[in-house]
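One letter stands for each residue in the lines below.
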Amino acid sequence: MIVLTVLSGVLAGCGVSEDTRARTAALPTASREPVKGGASSSPVPESEPPVPARGPGGLTPVFERRAHGSAAGGGDKVVALTFDADMTADQGPRAAAGEHFDNPALIASLRRLKVPSTVFMTGRWAQEYPVQARSIGNDPLFEIANHSFSHYAFSSPCYGLPTVDEAEMRGDVERAFTAIRRTGARHVVPYFRFPGGCYDDAALKALAPAGVTAVQWDVVSGDAFATDADAVAEQVLDGVKPGSLVVMHCTRSAAPVTDDAVRRIVPELRGRGYRFVKVSELMHG
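Just so it is clear, the structure is predicted and the values come from calculations on it, not from any experiment. (Residues numbered from 1 in each chain as written. Predicted model: local features only at pLDDT ≥ 70, side-chain atom pairs only at ≥ 80, totals over all residues. Heavy atoms only, no water.)

## Describing the nonpolar core
Phase 1 of the analysis: Within the largest apolar cluster, 60 residues are counted, with the highest numbers of intra-cluster contacts made by M121, W125, F154 and F194.
Phase 2 of the analysis: For F154, the contacting residues outside a window of four places in its chain are S148, V164, M169, D172, V173, F192, F194, P195, C198, D200, A203 and L207.
Phase 3 of the analysis: Membership of the second largest hydrophobic core comes to 15 residues, among which are V78, A80, A145 and V189. (Core = buried A, V, L, I, M, F, W, Y, C linked by side-chain atoms within 4.5 Å. Buried < 20%, exposed > 50% of the residue type's maximum accessible area, 1.4 Å probe, protein only. Contact = heavy atoms within 4.5 Å.)

Laid out in structure tokens, this is it:
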């Protein structure tokens, strides 16, 4: 069974190395900024998954996998592959110099293998790769969720990441939604992943007015800075259980073997009887 919990303290994750009938919330808006190559309009998504009611104390709810029973969603073996598209505001010069923060081969593999997936995208990534963001966000195979604007941490310490001031947290998330939506992406969901998976009660309180659900994970792929695709695949295959949330990356410079690992993971899990779903499907299953 999948449960929603509000957790206190910092939860380590992908970062630099990893009642409840829901209410529907409009995606936040923020001040507009020029987006390189993006669409001029900000279309409203065709549909938005419901957002669970706020957790205890009015905090932002946190969704995670908990292993209860044989499967999630009523009996079948499902798993959600999620991909963090990381980029910070100050990495533009590195991108201009040829560093690749995208991974089009990975997206092509997911399409070829027909794997529904959720991409947690930073606003800065969307600005740097607006055509790709629009393509991902308009493909029903995918959904785009929020991973902050610049991949700064929302609590400290967090893998050495710079931190967002508490007063700026909601604005950072809204700024990311604006950047994503301005690319023309339609399948944008009101979910948020904390950079590094790091948060505390102050961050959950600060983000509550934004109407998002924080999404964690139970399987760390270890693809960040990995050079051995087989080792990444083995770590995922060893960790997956029915209802699992797997965290991986969509950033070639920081996760160069993810595509190779996925091309091994997907057929192996399907051979074990697993079905791939997006986070919105896992959440409501």
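Still more ground to cover, so stick around.
## Observations concerning the state of the cysteines
Phase 1 of the analysis: A complete count under the given rule lists one disulfide for this structure.
Phase 2 of the analysis: Residue C158 pairs covalently with C198 via a disulfide, S to S 2.1 Å. Residues C158 and C198 are joined through a disulfide that is right-handed, its torsion about the S-S bond being 80 degrees. Within this pair, whereas C158 is found in the loop between β5 (142-146) and α5 (169-182), its partner C198 is found in the loop between β6 (188-192) and α6 (201-207), the two being separated by 40 residues in sequence. A single burial state applies to C158 and to C198, both of which are buried. (Disulfide = S-S within 2.5 Å. Helix = DSSP H or I, 4+ residues; strand = E, 2+ residues; numbered from the N terminus.)

## Brief notes about the pattern of salt bridges
Phase 1 of the analysis: Scanning the entire structure with this criterion turns up 12 salt bridges.
Phase 2 of the analysis: The partner of R94 in a salt bridge is E99, with the nearest N and O atoms 2.8 Å apart.
Phase 3 of the analysis: One salt bridge in this structure joins R111 and D139, with 2.8 Å as the shortest N-O distance. With R111 in helix α2 (residues 104-113) and D139 in the loop between α4 (130-137) and β5, the pair connects residues that are 28 residues apart, well separated along the chain.
Phase 4 of the analysis: Accessibility expressed as a relative area gives 17% for D139, which makes it buried. (Salt bridge = Lys/Arg side-chain N within 4 Å of Asp/Glu carboxyl O.)

## With respect to the packing of aromatic side chains
Phase 1 of the analysis: Applying the stated criterion across every chain yields a total of five aromatic pairs.
Phase 2 of the analysis: Relative to Y129, the ring of W125 lies with its centre 5.1 Å away and its plane at 55 degrees, an arrangement referred to as tilted. Y129 shares its class with W125; the two are buried.
Phase 3 of the analysis: When the ring centre of F120 is taken as origin, the NZ or CZ atom of R193, which lies over that ring, is 4.1 Å away. (Phe/Tyr/Trp six-rings, centres within 6.5 Å; stacked < 30°, edge-to-face > 60°. Lys NZ or Arg CZ within 6 Å of the ring centre and 35° of its normal.)

## Some remarks on the packing of helix α7 (residues 229-239) against helix α8 (residues 258-271)
Phase 1 of the analysis: Orientation of α7 relative to α8, taken along the N-to-C sense of each, is 35 degrees, at an axis distance of 8 Å. As for how α7 packs across α8, the hand of that crossing is right-handed. Residues A229, D230, V232, A233, E234, V236 and L237 of α7 lie in contact with α8, whose contacting residues are D260, A261, R264, I265, E268 and L269.
Phase 2 of the analysis: Residues that form the contact of α7 with α8 fall into these classes: eight nonpolar, no polar and five charged. (Axes fitted to C-alpha atoms, helices over the stretch in contact; angles between N-to-C directions. Left-handed = near helix turned anticlockwise from the far one by under 90°. Nonpolar A, V, L, I, M, F, W, Y, C, P; charged D, E, K, R; others polar.)

## Thoughts on the confidence of the model for the protein chain
Phase 1 of the analysis: Chain-level pLDDT for the protein chain is 83 on average; 76% of the residues reach the 70-or-more range.
Phase 2 of the analysis: The low-confidence segment residues 1-47, where pLDDT is below 50, has 147 contacts with residues more than four positions distant or belonging to other chains.
Phase 3 of the analysis: In the model, residues 67-74 has pLDDT below 50 throughout and makes 13 contacts with residues more than four positions away in sequence or in other chains. (pLDDT = per-residue confidence, 0-100.)

## Regarding α4
Phase 1 of the analysis: When we look at burial in α4, the residues that qualify are P130, A133, I136 and G137. Looking straight down α4, one finds its buried side chains confined to an arc of 125 degrees; they lie on one side.
Phase 2 of the analysis: Looking at the buried side of α4, the elements it contacts are α2, β4 (117-121), α3 (123-128) and β5. (Arc of directions from axis to C-beta.)

## Topic: unusual backbone geometry
Phase 1 of the analysis: The omega torsion of the bond from S156 to P157 falls at 5 degrees, within 30 degrees of zero and hence cis.
Phase 2 of the analysis: Note that P157 resides in the loop between β5 and α5.
Phase 3 of the analysis: Despite not being glycine, S148 has its phi angle at roughly 85 degrees, a positive value.
Phase 4 of the analysis: If you trace the backbone, S148 turns up in the loop between β5 and α5.
Phase 5 of the analysis: Positive phi is not limited to glycine here, since H151 has a value of about 60 degrees.
Phase 6 of the analysis: In this structure, H151 sits in the loop between β5 and α5.
Phase 7 of the analysis: Take H151: its relative accessible area is 6%, and that puts it in the buried class.

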